[in-house]
Amino acid sequence: MADASSDSINFPKAEEEILELWEKLDVFKSCLKQSKNKPRFSFYDGPPFATGLPHYGHILAGTIKDIVTRFAHQSGFHVERRFGWDTHGLPVEFEIDKTLGIKGPQDVARMGIDKYNDECRKIVMRYADDWKYIVNRMGRWIDFDNDYKTLYPWFMESIWWVFKQLYDKGLVYRGFKVMPFSTACTTPLSNFESGQNYKEVVDPAVMVSFPLDEDPSVSMIAWTTTPWTLPSNLSLCVNPVLEYVKVRENASGKVYIMMEARLLALFKKAEDYTVLAKFSGRDLKDKSYAPLFPYFAHMKVERGAFRILCDDYVTAESGTGVVHQAPYFGEDDYRVCLANGIITKDMQMICPVDDSGCFTHEVVDFEGMYVKDADKLIVKKLKQEDRLVHQSTVKHSYPFCWRSETPLIYRAVPSWFIRVEHLSEQLLKNNQQTYWVPDFVKERRFANWLREARDWAVSRNRYWGTPIPLWVSDDGEEVVCVGSIEELERLSGSKIDDLHRESVDDLTIASRCGKGTLRRVSEVFDCWFESGSMPYAQMHYPFENKKEFEDSFPADFIAEGIDQTRGWFYTLLVLSTTLFDRPPFKNLIVNGLVLAADGQKMSKRKKNYPDPLTVVRKYGADALRLYLINSPVVRAESLRFKEDGVRDVLKDVFLPWYNAYRFLLQNIQRAQKVDGLRFVYKPSEVDKASNVMDRWILSFTQSLVLFVRREMAAYRLYTVVPWLVKFVDNLTNWYVRSNRKRFKGEAGLEECHQALQTLFSVLFDMVVIMAPFTPFLTEHLYQNLCKLLDPEMLKEQDMGSVHYLMLPQPREALIDSVIERKVARMQALIELGRVVRDRKTLPTKYPLPEVVVIHKDQQYLDDVVDVQAYVLEELNVRLLTTSRDKEKYGVQLRAEPDHKVLGARLKGDFKPVMAAIQALSDSQVEDFLKSKDIEVLGHKLAENDLRIMYSFTGGSTSKYEAHSDDDVLVLLDVTPSQAMIDEGVAREVVNRIQKLRKKAKLLPTDDITVYCDVMPKTEELHRVVEQHTDYIETALKQPLRPYPIPFIGDIIIKEKTEMKGATLEMTVVKRQVDHHLHYPAAPTDDSTPVVCFVNLHLCTPGVPAAPGAAASRDALLFLENPRGDVVSSVAELVQQASVIFSLNGTAVKLYKSAELTEEVLPSVDLLSLNSLTLYASVAGRPPTSAHAIATNGDAVCKYVNVELLDGVPRNGVSGALGCVLLENPRGENVLNADQLLNEVKVLFGQQGRSIRLCTSRDGQHELSATTDLSSLHASRLFVFSR
């Protein structure tokens, strides 16, 4: 039997217990062993740095990866999941530089590269244990034991191999390039790195004058936001085709040249200046001007510098239309100056800024000063020399170093490049072979980046990284590219254990061309080159695992954030294209950024977001997982993280889901305790479902299974959760709610059994299909549910964890679109009715006379009739009426235009047409419905152009209140009778008592008595409680007694509450006291059953009518069995009678007399009825006149008493002495030996055990299959283990 389920659950604590279970069973590795021989699903995990703690971005990406790979495993694939660590590069070096106070290369040189790298090596795994804990706590399954680290020599060797392939293809070259440069990290960054971290900044904006040599009284006016580049100015640039003007500043008389379209950038109004001449930009070409600073004045003679150039990159969007050019500090500057001969590729660079961003000795006025700090002094000097025309500030977006959070500068640096620009078409072609979610990132953002692909600078002037394997002669003419450890050992003659700089920098290679000794270049690889090589390096390809790699490449799936569009996604594609001309992956999910609740970037300094582990400890990892994947962030949009959203997942999804599971277990336990029903889930039982709501929830569940499989095949994780929320709502608020009576056995054992089978099937399928999404909760539920599975199912495979199970195959035979349509219509009606009740402040507890459903389609009305029992129950109305005759109820049709469709089509004519449509009469709308078209103000309108709605004109005297959803109209009679009002009050009393039971954490099967008192007695509430005691007892399935409370027994809970102007006091007491008041002594012999019983006579003609029902009208009911296990209520006794006489679905009442005048009330002490004859009558049918049946207290059916001697009662049974009926009703359902044996097993909870029955207490004389059971009547059998 499944364990009892608590009323409440601490989700985080339950998850901790599941983690312990997974560790105990080693579930992850067991899954890998089970799937070893299945088809492979390959997955690449982008390596994070372990120098920082995981943040929400890591958790999000990890959750996406975990869900997809879990789903792939449960879909029948073998999924290796290796964790990788990015251990090289700036993140590590930056931490060491901060710790050791290293300011530049000279500090590292003094320290020694070996010692510097040792320090780096110490911290690369600083937070590895934290990563492992957080990843594990989030439920992500990934192999840390078989991980890869980019510092492993075998990993680095594969990187060398990749580079050598590119070198051999002629794709590697050395050159100068203006690149984003981090002065804090003293290294260039790639273009995609520089694009990762833009910030809004305020910079100085200055206009500077450049007097022309031909007429020093006329100056060019240039604008810049980087004054620190002005000392390196070598030219000016204008647009060749745009108009420029020579203007006099009226106030000062100074003459300037600038773009006409930009005059307002300098002058506030036209009166401030006078235009002296107009000309195109090309007219200014090659005019020379006086250098702004003297530092590089020699370039005027040597290279023809300090002249005006033309290029169309100059626009009219900002500045003065004149751009100052410092060719080694701007990409366009470099390009234009190179094209015009002011600089050459092989000349000494005019770049007076060192790696730390400080001016060198050439700029004598500002030597040693950080360039950004020098801005103010440069502007001050320009002002002193009367070269400053205008000064202001500008707020704009500027790139920052993603690691140091310092502003980047653009600076020409020597670097090793991979040729990429010529590969643009191949990159685009391979990109088209991949599938992205969402698609627009692939087609727009990424494709645009590929179209503008630039050569990739892969070298870094750093220390802790994979050294670039190039050995070069002193003159640079001879270059050897090494592709393996073996090759370097052979060429250098040295044994090699490590590939870091301290191990290989001193190794030399003899020249083959007589150029002496070749030495390694000093640079290391950009860490993006390492991560882009991970598909090959993680498997040490091609040195090992060659076949394994080639069989699994490209990867089936990868996932990372949108910031990797220009990062990892790009480098993966570039390298796979250059190596194999193939894409590196097949499927990709791109997630957006997780921001703080205010829309700002999450910041530890600002503390504008909750710590992830704090959130997990409060709500659990499953709630955080589901919150993240149900947000815009899985569609590559930004998410403003709100803790309330995680809490809402608990409230709206997990708690209702858990409550449905708890409801199932509690009712299985009730059925076992009360009805003796042993529940075992058998899928074949579900196929027999005939109840409309059973068939509906089964159909909806299988539709969900189909949907989840389809959406996951398309990697659309974000569509799953909305369906799950809808499913949970349908399950709890519709299916469970509308079938509570069936679950509680009030509609008969067969209906109870079928409802339990259905609910179990639905929950079990849901647990398995959702296991990849919420691995903890599904495991928690599964560990209990699996105890109720058919033992035959357990033989097929290891069922120790839900994650061992394959995803359920859709049982499409259970999908019934007709049933789903009927229930959807039922839901619509009930929702409309609830709106009316809310509008009139009429709680559902209060019954109403009638609901009228009006619809033009007879099929719709027929569907409503088929489910009317549920409509009546949920709306609590007495009568449902359906009608197509709308006029009878004062209902008319009206039309409204489809604003979106007609508005776009009719444009200016829409308003008058809309008014005409709204003025259409009922008969005109009727005609339109028949003809499907209508002409309005000369416009022919079709079926989809109009929306037809109902209009209720019942008037103020109508007893009906109406509501419509534009499809169906519901009229609710809101004039209840006094009897209905009283019943509503009685329902409210029941509700207060049930809440009290829940507060006391009582189970439905707990035996209690409720005592109730109303003060003052004159209030209506007292009358209602007195008159509706039977109703309240029936609803509670427990006795209701008036005050005072006897002093015997334990009080469980007591409470006072105000209700209807009176005070209602309720006390719940353990009910065992009542039994002992009348508990009869055990019989001294077996001439009568050893347990309390009543005889029963059926008094209603025409009953039973069910096929195979009993013909006899005399039967026996046990009041307890075994002795001490007492029937809980009169309702349970009635249920027994209904089952015996096949009266399911009818209302049965029990009487103490043959005249049917003294009904057995719920408040009766059941054991006081012992040995009496009761009389049963079916409500709504006239009883026959019955004579009192004289039994003298004897049982009307043959029986045998049984006593358990060997063993103890199990499965909630407490007694060891009981009775088994050999027939019931009298003369029918006669048992054979096997059936008797099974009945005894159920009686004492011995299912699954082997027992024997003997006629003697010493264990002799065992019953056999040939024993005449009729001879055992009124005797005793003894139960022994076999």
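What counts, and where the lines are drawn
- Residues numbered from 1 in each chain as written.
- Predicted model: local features only at pLDDT ≥ 70, side-chain atom pairs only at ≥ 80, totals over all residues.
- Heavy atoms only, no water.
- Pairing = 2+ DSSP bridges.
- Helix = DSSP H or I, 4+ residues; strand = E, 2+ residues; numbered from the N terminus.
- Axes fitted to C-alpha atoms, helices over the stretch in contact; angles between N-to-C directions.
- Contact = heavy atoms within 4.5 Å.
- Parallel < 35°, antiparallel > 145°, perpendicular 65-115°, else oblique.
- Left-handed = near helix turned anticlockwise from the far one by under 90°.
- Nonpolar A, V, L, I, M, F, W, Y, C, P; charged D, E, K, R; others polar.
- Salt bridge = Lys/Arg side-chain N within 4 Å of Asp/Glu carboxyl O.
- Buried < 20%, exposed > 50% of the residue type's maximum accessible area, 1.4 Å probe, protein only.
- Arc of directions from axis to C-beta.
- Phe/Tyr/Trp six-rings, centres within 6.5 Å; stacked < 30°, edge-to-face > 60°.
- Lys NZ or Arg CZ within 6 Å of the ring centre and 35° of its normal.

**What about the sheet that holds strand β44 (residues 1217-1221)?**
Next, step 1: With mixed pairing, the four strands of this open sheet are ordered in space as β44-β43-β46-β45. The sheet terminates laterally at β44 and β45 (1251-1254), the two strands that pair on one side only. Geometrically, the sheet is characterised by an average inter-axis angle of 30° between neighbouring strands, direction not taken into account.
Next, step 2: Judged from the four bridges that link them, strand β43 (residues 1199-1204) and strand β46 (residues 1276-1281) form a sheet pairing that is parallel. Among the inter-strand pairings, asparagine 1201 is bridged to a residue of β46, identified as arginine 1276.
Next, step 3: Strands in contact with helix α42 (residues 1233-1244) are β43, β44, β45 and β46; relative to β44, the strand with the most contacts, it is inclined by about 145°.

**Brief notes about the pairing of strand β31 (residues 939-942)**
Next, step 1: For strand β30 (residues 933-936) and β31, the ladder comprises four bridges, and the chain directions are antiparallel. Bridge pairing in β31 links aspartate 933 to alanine 942.
Next, step 2: Counted along the chain from β30 to the antiparallel partner β31, the turn is two residues long, and its residue leucine 937 has a positive phi close to 50°.

**Remarks on the packing of helix α4 (residues 90-100) against helix α6 (residues 113-123)**
The angle between the axes and the distance between the axes are what describe a pair of packed helices.
Next, step 1: For the pair α4 and α6, the least separation of the axes is 9 Å and the interaxial angle reads 110°. Viewed along their axes, α4 and α6 adopt a mutual orientation that is roughly perpendicular. Judged by the twist between their axes, the crossing of α4 over α6 is right-handed. Facing Val92, Glu93, Glu95, Ile96, Asp97 and Leu100 of α4, the residues of α6 in contact are Tyr116, Glu119, Cys120 and Ile123.
Next, step 2: Broken down by class, the residue content of the contact of α4 with α6 amounts to six nonpolar, no polar and four charged.

**Overview of unusual backbone geometry**
Next, step 1: Note the cis peptide between tyrosine 541 and proline 542, where omega equals 5°.
Next, step 2: If you trace the backbone, proline 542 turns up in the loop between α18 (534-537) and α19 (546-552).
Next, step 3: Residue proline 1016 is reached from methionine 1015 by a cis peptide bond, and omega for that bond is -5°.
Next, step 4: Structurally, proline 1016 is set in the loop between β35 (1008-1015) and α38 (1020-1027).
Next, step 5: In this model, aspartate 386 sits at a positive phi of 60°, which is unusual for a non-glycine residue.
Next, step 6: By secondary structure assignment, the location of aspartate 386 is in the loop between α12 (371-384) and β13 (388-399).

**With respect to the pattern of salt bridges**
Next, step 1: All chains considered together, the criterion is met by 86 salt bridges.
Next, step 2: The closest approach of N and O atoms between aspartate 45 and arginine 140, which form a salt bridge, is 3.2 Å. Highlighted residues: aspartate 45 in the loop between α2 (27-34) and α3 (56-74) and arginine 140 in the loop between α7 (128-137) and β2 (143-149), separated in sequence by 95 residues.
Next, step 3: Overall, the relative accessible area of 10% leaves arginine 140 in the buried class.
Next, step 4: Between glutamate 502 and arginine 121 there is a salt bridge; the shortest N-O distance is 3.2 Å. In this pair, glutamate 502 sits in helix α16 (residues 501-504) while arginine 121 sits in helix α6, placing the two residues 381 residues apart along the sequence.

**Overview of the sheet that holds strand β16 (residues 456-457)**
Next, step 1: Read across the open sheet, the four strands follow the order β4-β3-β14-β16; overall the sheet is antiparallel. In this open sheet, the two edge strands, each paired with only one partner strand, are β4 (187-188) and β16.
Next, step 2: Looking at chain direction, strand β3 (residues 172-182) and strand β14 (residues 409-418) are connected through 10 bridges and run antiparallel. Each bridged residue has a counterpart across the sheet, and for phenylalanine 176 the counterpart in β14 is proline 414.

**Observations regarding α38**
Next, step 1: Within the sequence span of α38, burial applies to Leu1021, His1022, Val1024 and Val1025. Along the axis of α38, the buried residues cluster in a sector spanning 165°; they form a single face. In α38, the exposed positions angled more than 90 degrees off the buried face are occupied by Glu1026 and Gln1027.
Next, step 2: If you follow the buried residues of α38, they end up packed against α37 (978-999), β35, α39 (1029-1036), β37 (1051-1059) and β38 (1062-1070).

**Digging into the packing of aromatic side chains**
Next, step 1: Under the defined criterion, the tally for this structure stands at 62 aromatic pairs.
Next, step 2: Between phenylalanine 663 and phenylalanine 743, the aromatic rings sit 5.1 Å apart at their centres with planes inclined by 85°, giving edge-to-face as the arrangement. Remark: phenylalanine 743 occurs in helix α27 (residues 740-743) and phenylalanine 663 occurs in helix α23 (residues 643-675); sequence separation between them is 80 residues. Across the pair, exposure class does not vary: phenylalanine 663 and phenylalanine 743 are buried alike.
Next, step 3: Grouping aromatic residues by their ring pairs yields a cluster made of Trp161, Tyr536, Tyr541, Phe549, Phe553 and Phe580.
Next, step 4: Directly above the ring of phenylalanine 776 sits arginine 137, whose terminal nitrogen or CZ lies 5.6 Å from the centroid.
Next, step 5: In this structure, lysine 372 is placed above the aromatic ring of tyrosine 398, and the distance from its NZ or CZ to the ring centre is 4.7 Å.

Function cannot be read off these values alone, since they describe shape.
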